[in-house]
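Examining the three-dimensional arrangement
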Amino acid sequence: MFFKSKASSSNQARHREPSLLDLPVDVQYRILSQLDWCDLPSAAATCRSWSDLVGAHMRSKECTSQWSHSMFKGEPGEAAELRQDPTCESFVQSLLNSSQYLNRSTRPDVLFITATPSWQPHLQQITDTFVRLMPNRKSVHVLCCVAVGIVGTDDKGQVHEIEDGNMEAEAIAVALLHLKPDQQVFSVSEINSSARQRFTKKVSSCVEETLDKIKAVVGSTNPSCTCKGDRSIFSVLVGDNIYDVSDLKTKIEAKFKSIHMVGGLCGYDTRKQAVYYSSPASRMLEHQDLQFPSASFMDIDEDASSQISFGSSHQTTTGSRSRISAAALFVCNTKTTRASYRGIKQLMSDYKVASVDNDEEGTKVFTLRKCIEGSNICSAPVPMYQVLRELEHSHGSLHGVTFGVKRKIPVSVDSEDSCIVCDKRVFSTQDLKTRVESVDIVRGVWSRGAGTERLEAIVVPVNLKPGDTCSFYTYSSDESLAELAEILKTLEKRKADASASNCFGGFLVICNARGTYLHNGAPNVESKVLGTMLPKTPLIGFFANGEVGPMPFREWSLTRHYQSQQSNPDDELFGRTPQVNNTVLQGNTSVLAIVRS
């Protein structure tokens, strides 16, 4: 019996079907690495050894940061897939196919979607379909917004600005990001009742809890990340109202003072939802507490009774989703270059502040000395109103004119650059650049009395002192493009460094007042400059009602008290109260963030 059993086992081994597991491990690894991101999970579920190989592949250097993109230009009715399949699955599949993500052996960790108003009724279904088609649906984060105009990249790699001034005014754009193994993603959101909750002191602590988790990740040692402090965190913040966006921004900056944050106010109609958000936590709540697979978001917009916040612990199971009013996504251990540009242009020669006095009403009165170009000679002191009158006569009006003071400050746009917040040191003279601290002129009304004339009202909240250099400025298309070129030159310097990482994608948020309105009707002006100087760098973004980002590259604002007088006693550099701006909610700017692999 023993010899018979041995012979039978030998025959079975001799006639066993060949298996891929018989191949050397390195050959198996090569085969698995050729699979796309849809087939990899199935391969990992085959056996334990393949699960280990797939896990090793996903953590390897071969799976670097990747950015895939797709775009459909037109209204929903022009999409043949939507007409044939109202469930949106065919349309979403076509976007995935054109993005060529199916040909890659990685899976998306983050999904960004921007769309124009005509797509709003379909966006929730499109977002849910994207999540359903992804094999890693339990871990992917989705952020989607509706805006009057969007920025997207088509399957040919060309960046488009779709806005009201263009012939093509409707579109939807998608960006899928795969992150490196050492990068982590977090997200939070606010519901539309958060403002009322703040007044009744019923704000949940879930946002703070998530920010604490991010703080723990950033605080841990990571030798592969060379970013300075909190600037290793890249964040995208969007919302449909200024209250929730400002509130969420304040909470974030309370934890991370120098975070690289971009975003803005989206939306086009306060009655319609403009922010769509999905995260592992939100989908878990939906699965556990809500049963509405066919819920209509047109009904959800009008349903004020739904009270589940995917960014808070306050929830009910009324059978519908709450309207998300603001959401923020965070990617830790990321290298980014972030800057804003507005195109400030000097209208007159420089002036020196001669004196700062108070009149009988307690209003500050300034006298200025005009600097003679090409020399150190200045004219006799003249009142501010006289300079403004000259400006009004030469410029035509004071509309769109700002008053600015030139300051010497350190400028840092890259997450790997030194900054005051992170390094806690005094900057040397070569680190300082001249920037303009500007403020709008509110009125230019002349009051003529008994032999006197003066400016009736002007707002100059900047901290002026005798000896400051100042002038008057406006904004222009040419200067805006020149300022953008200055920003992109900082990236060119990094490309010269052999160790510098490559740009693999970016975010662009443009003010509604810019675009074709600023550039004399010409479309895609800013995106063409970016495409020329950063070829093969896809972008996604939108046109905003207010932009979240740093002060423009040529400008500066006294908004943050990050540096104390004790650590920088040279008040000639930063003023009596040294301050360095990080992120503001502003207008008439374009905010650009380039993500590097």
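Parameters at a glance
- Throughout, residues of each chain are indexed from 1 in the direction in which the sequence is written.
- Restriction of local features to residues with pLDDT of at least 70 applies here, the model being predicted, together with a cutoff of 80 or more for giving and counting side-chain atom pairs; totals for whole chains, interfaces and linings are based on all residues.
- As a rule here, side-chain values cover all heavy atoms of the structure and leave hydrogens and water aside.
- Under the DSSP-based scheme used, a helix requires at least four consecutive residues in state H or I and a strand at least two consecutive residues in state E, with every element numbered from the N terminus.
- Residue burial is assigned from relative accessible area. The probe radius is 1.4 Å, only protein chains are included, and a residue is buried under 20% of its type maximum, exposed over 50%, and partly exposed in between.
- Residues count as neighbours in contact if any of their non-hydrogen atoms are within 4.5 Å of one another.
- Calculation of accessible area relied on Shrake-Rupley with a 1.4 Å probe; when residues are assessed, cover is drawn exclusively from the protein chains displayed.
- Aromatic pairs are defined between Phe, Tyr and Trp rings, using the six-membered ring for Trp, whenever the two ring centres lie within 6.5 Å; interplanar angles under 30 degrees are classed as stacked, those over 60 as edge-to-face, and all others as tilted.
- An arc is given here, and it is the one of the directions from the helix axis to the C-beta atoms.
- Within a predicted model, pLDDT stands for the predictor's per-residue confidence, ranging from 0 to 100.

Considerations on the overall build of the protein chain
Each helix and strand counted, the protein chain has 17 helices and 27 strands in total. The buried share among the 597 residues of the protein chain stands at 51%. Counted over contacts in the protein chain with a minimum sequence separation of 6, partners at least 24 positions apart contribute 79%. Working note: accessible area of the protein chain is about 27500 Å², and carbon and sulfur atoms make up 51% of it.

Some details on the packing of aromatic side chains
In this description, a pair of aromatic rings is defined by centroid distance and the angle of the planes. Throughout the structure, instances matching the rule amount to eight aromatic pairs. A centroid spacing of 6.0 Å and a plane angle of 80 degrees characterise the contact between tryptophan 67 and phenylalanine 504, whose relative ring orientation is edge-to-face. Taken together, the residues tryptophan 67 in strand β1 (residues 66-73) and phenylalanine 504 in strand β22 (residues 503-511) connect sequence positions 437 residues apart. A residue is classified by how much of its surface remains accessible, and tryptophan 67, at 6% relative accessible area, is buried.

Let's talk about helix α2 (residues 25-33)
Within α2, the full set of buried residues consists of Gln28, Tyr29, Leu32 and Ser33. The buried side chains of α2 occupy one side of the element, clustering within an arc of 130 degrees when seen end-on.

Focus on the confidence of the model for the protein chain
Averaged over every residue, the pLDDT of the protein chain is 76; residues scoring 70 or more account for 71%. Predicted confidence in the protein chain is weakest over helix α12 (residues 297-302), with a mean pLDDT of 30, and strongest over strand β23 (residues 539-544), with 96. Every residue in residues 1-7 is under pLDDT 50, and counting partners more than four places away or in other chains gives zero contacts. A low-confidence stretch, residues 290-319 stays under pLDDT 50, and its non-local contacts, those more than four residues away or across chains, total 69 contacts.

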